[in-house]
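# Remarks on the overall topology
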Amino acid sequence: MQQHFLQFSLFTLIFLLISLLHPSTTSAINITSILSNFSDLSGFNRLLSTTSVAGELAGRSSVTLLAVPDRYLYQSEIAARSASVDIADVLRYHILLQYLSPTDLHTIPASGKLITTLYQTTGRATANFGSLNLTSTDGKLMLKSPAPFSPSNTTILSLITTVPYNISIFTVDSLLLPYGFDLTASGYVHPPVSAMNITRILIEARGFNVAASMLEASGVATELEGDERGAGITAFVPTDEAFAGLPATERLQSLPADRKAAVLRFHVLHSYYPLGSLESIVNPVQPTLATEDTEAGRFTLNITRVNGSVAIDTGVVQACITRTVFDQNPVAIFAVSKVLLPREIFGKARGEGVVAAVAPAAGNGAGAVGLPPQVAEMPPTRISSPPGMKGEIVSIAGIKTSGNGWMIWCIGILLSLLV
C-alpha cells in the first residue's frame, strides 16, 4: 500500500512539474497585450479587442495570426463596423489553426499548403473556401482562397513574435476577404482608389520598375489614385521584361509626353474586373481611359479567353495576363506579357494604312485621259539625244508634244539608224 502511495505521489509530482514547465501557453497569452507593443498594429488590435475574436483565441493553442499594419488596413472605415459579425468573420479568416514557424514557411511545397482558418470552423464558409492556400512564388510567401477566383490575396511581410508550438504572429500587406463576402452590403465601404498607392503596389510586387516610374513621371499614377467615380479600375501592367522586349522600332520613350500618357492610359479599363470576370467577359471590345480622352471606338482593347488564358489584342500586339498583382475591389492590377501598343499611335509606324499617293506631274495628261494608275504614276524615261541634238527624247509613256516634238523624235530615230 505504501509503495503504491509513493508511486502515485511521484507520478503526481512529475505531472505537476510538467504542467508548470509546459503550461497551456496560448490561454495565458493576451493577444491584444502583445499587439499593443506595436504602434502600427493599433487598428488591427482594436478590431480584435472590440469583437469576440480575441476571446476565441485565448482558448486555443497552435495558431498563427496574420496581422495587418495600419497603412494597409484603412483603419477608419473598418472601425465603423467593429461590432459587425462580418468584420469578426474577416478577422477569423486571419487566424490559421496551425502553428507556423519561420522555418515552416521556408519548406512550403511547390504545390502550396492548404491551411484551415478559424472562419472555416464557423460553418459559414462555402465548401473549403474558408481555408487559405499558402504558396511560395519568386521568394514571396502568399496566401489566398482556394476558390477558383480568389477575392483577395496577401503577402507575408515579417515575423512579429512567436511562442514555439503555440502562437506565431506575422504581418501581411493586405486585408483578406473570404470568398463570397460583400462588405459593402454589410455597411463597410471600401477605401477609395486615392487611398491606394499604385506605384508602391507595383514596386513591392517586383518586376514592374519601368511601369512604376513611367506612371509616376507622367502623372497618370496620380490620376488613377484620384479616380473615385465608383466603377473602379483594372490595370494591365507590362513587366520589365516586356519593356525590354520592345522592338527598336517602337520608340515608346521618345514619344511626346501627351502621347506617352495616352499609351499608359490605354493599359487601364475604367471598371473593376477581377480575373473571373475577364475570363467570362461578354463584350470583348472594351474602352480604356485613353478612349475617354478621345472618342468612342478609339483606343479599345479586345479581351478574349484563349487556351485557358486571358488574351488582349490591341490591333498591333497580342499579349496575355501572366499573373494577378493586386485584386481588392475596386482595384485590380494584372501583369501582362507585352506592352500594349495602340494602333492609333503605332499602327502607321508598322506600315498600316499608309498609301503612297503620287499625283500626276504638271502637264502630264495621263490622268486626264484615264490611263491605268501604274502608267499615270510612271515617270517619263529619258534617253540621251544623239550628238549635236538639242532638247530631250522621252519614251512613249511620257510623250512631250511641245512645238516640233514629233519631227525631232523622228529625225532622232533616223539618225540612230544611219549611225
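Residues numbered from 1 in each chain as written. Predicted model: local features only at pLDDT ≥ 70, side-chain atom pairs only at ≥ 80, totals over all residues. Heavy atoms only, no water.

## Remarks on the overall build of the chain
Counted only if it meets this: Secondary structure counts use DSSP, requiring at least four H or I residues in a row for a helix and at least two E residues in a row for a strand, with both numbered from the N terminus. Only protein chains enter the area calculation, which uses a 1.4 Å probe; residues under 20% of their type maximum are buried, those over 50% are exposed, and those in between are partly exposed. Whether two residues are in contact is decided by their heavy atoms, any of which lying within 4.5 Å being enough.
Each helix and strand in the chain was counted, giving 19 helices and 16 strands. Of all 419 residues assigned to the chain, the portion counted as buried reaches 43%. Contacts in the chain between residues far apart in sequence, at least 24 positions, make up 64% of those at least 6 positions apart.

## What to know about the nonpolar core
For clarity, the threshold we go by: Grouping buried Ala, Val, Leu, Ile, Met, Phe, Trp, Tyr and Cys residues that are joined through side-chain atoms within 4.5 Å yields what is termed a nonpolar core.
By size, the foremost hydrophobic cluster in this structure holds 55 residues, and its most contacted members are Phe236, Leu278 and Ile333. Among the elements that line this core, the one with the most residues is strand S14 (residues 331-336), at six residues. Dropping the residues within four chain positions of it, Leu278 is found in contact with Phe236, Tyr273, Ile303, Val310, Ile321 and Phe334. Leu35, Ile108, Tyr119 and Ile156 belong to the second-largest nonpolar core, a separate cluster that totals 43 residues.

## Things to note about the environment of Ile281
Following the sequence through the fold, Ile281 ends up in the loop between helix H15 (275-279) and strand S10 (285-287). Each C-alpha atom of the pair Ile281 and Arg305 lies 8.6 Å from the other, and the pair is 24 residues apart in sequence. What Ile281 contacts, discounting residues up to four positions off in sequence, is Tyr273, Gln286 and Ile303.

## Here's the deal with the pattern of salt bridges
Which entries qualify depends on this criterion: Salt bridges, as used here, are contacts in which a Lys or Arg side-chain nitrogen is within 4 Å of a carboxyl oxygen on Asp or Glu.
According to the stated counting rule, one finds seven salt bridges in the structure shown. Glu56 is the partner of Arg92 in a salt bridge, and the nearest nitrogen-oxygen pair spans 2.8 Å. Remark: Glu56 occurs in helix H5 (residues 53-58) and Arg92 occurs in helix H8 (residues 85-92); sequence separation between them is 36 residues. When the shortest N-O distance is used, the salt bridge between Glu204 and Arg200 registers 3.2 Å. Of this pair, Glu204 and Arg200 both sit in helix H10 (residues 198-205), four residues apart, roughly one helical turn. Glu204 sits in the partly exposed class, given a relative accessible area of 36%.

## With respect to the sheet that holds S14
As a reminder, the rule being used: Following DSSP output, two strands are said to pair if at least two bridges run between them.
Taken in spatial order, the seven strands make up an open sheet running S9-S8-S14-S13-S12-S11-S10, and their pairing is mixed. At either margin of the open sheet sits one strand with a lone partner, and together these are strand S9 (268-269) and S10. Looking at chain direction, S10 and strand S11 (residues 300-306) are connected through three bridges and run antiparallel. Paired with Gln286 across the bridge in S11 is Leu301.

## Brief notes about the packing of H10 against helix H11 (residues 209-218)
Selection rule: Geometry is summarised by axes, namely lines fitted to C-alpha atoms with helices restricted to the contacting stretch, and by angles between N-to-C directions that run from 0 to 180 degrees. Reported orientations rely on four angle classes, namely roughly parallel under 35 degrees, roughly antiparallel over 145, roughly perpendicular from 65 to 115, and oblique for the rest. Crossing handedness is defined as follows: a turn of the near helix away from the far one that is anticlockwise and smaller than a right angle gives a left-handed crossing, while the clockwise case is right-handed. Ten residues, namely Ala, Val, Leu, Ile, Met, Phe, Trp, Tyr, Cys and Pro, are considered nonpolar, four, namely Asp, Glu, Lys and Arg, are considered charged, and the remaining ones, Gly among them, are considered polar.
Running from amino to carboxyl end, H10 crosses H11 at an angle of 165°, the nearest separation of the two axes being 9 Å. With respect to H11, the axis of H10 lies roughly antiparallel. Where H10 crosses over H11, the handedness of that crossing is left-handed. In this structure, H10 contributes Thr199, Leu202 and Ile203 to the contact, and H11 contributes Ala212, Leu215 and Glu216. Per-class residue counts for the contact of H10 with H11 are four nonpolar, one polar and one charged.

## A short note on H11
Because each turn of an α-helix spans 3.6 residues, side chains separated by three or four positions in sequence point in the same direction. Going by this rule: Directions are taken from the helix axis to each C-beta atom, and the arc is the one they span.
Every buried residue of H11 is listed here: Ala211, Ala212, Met214 and Leu215. Projected down its long axis, H11 carries its buried residues within an arc of 165°, all on one side. In the core, the buried residues of H11 are packed alongside H10, helix H12 (220-225), strand S8 (233-238), helix H13 (240-244) and helix H14 (257-265).

## Quick notes on the side chain of His270
Rule in force here: Any pair of N or O atoms that falls within 3.5 Å is considered a polar contact. Within protein, one atom must be able to donate a hydrogen and the other to accept it, and sequence-neighbouring residues count only if both atoms are side-chain atoms.
Within the fold, His270 resides in the loop between S9 and H15. A distance of 2.9 Å separates the side chain of His270 from the side chain of Glu292, its partner in a polar contact.

## Some details on the sheet that holds strand S7 (residues 167-172)
The strand order across the open sheet built from seven strands is S2-S1-S7-S6-S5-S4-S3, with neighbouring strands paired in mixed fashion. Strands with a single pairing partner mark the edges of an open sheet, and in this sheet they are strand S2 (95-96) and strand S3 (113-115). Relative to S2, strand S1 (residues 63-67) runs antiparallel, the two sharing two bridges. Looking across to S2, one finds that Leu65 is bridged to Ile95.

## Some details on unusual backbone geometry
The backbone of Tyr165 sits at a positive phi, close to 70°, despite the residue not being glycine. If you trace the backbone, Tyr165 turns up in the loop between strand S6 (153-163) and S7. For Tyr165, a relative accessible area of 65% translates into the label exposed. Even without glycine at this site, Asn307 takes up a positive phi of about 50°. When you line up the elements, Asn307 lands in the loop between S11 and strand S12 (309-313).

## Structural notes on the pairing of S7
S7 sits mainly inside the fold: six of its six residues count as buried. Neither face of S7 is left uncovered, since the one carrying Ile167, Ile169 and Thr171 and the one carrying Ser168, Phe170 and Val172 both have all their residues buried. Relative to S7, S1 runs parallel, the two being bridged by five bridges. Bridge pairing links Thr64 to Ser168 in S7. Here S6 folds back onto S7, and the loop between the two strands holds three residues, one of which, Tyr165, carries a positive phi near 70°.

## Description of the packing of aromatic side chains
The following threshold applies: We call Phe, Tyr and Trp rings a pair once their centres come within 6.5 Å, taking the six-membered ring for Trp, and we label the pair stacked below 30 degrees between planes, edge-to-face above 60, and tilted otherwise.
Tallied over the full model, the rule gives four aromatic pairs. When the centroid spacing of 6.0 Å and the interplanar angle of 50° are considered together, the rings of Tyr99 and Tyr165 count as tilted. Residue Tyr99 is located in the loop between S2 and helix H9 (102-105), and its partner Tyr165 is located in the loop between S6 and S7; the two are separated by 66 residues in the primary sequence. Judged by centre distance (6.1 Å) and plane angle (75°), the rings of Phe266 and Phe299 are edge-to-face. Here Phe266, found in the loop between H14 and S9, pairs with Phe299, found in the loop between helix H16 (289-292) and S11; they are 33 residues apart in sequence, far enough to count as distant. Neither residue differs from the other here; Phe266 and Phe299 are each classed as buried.

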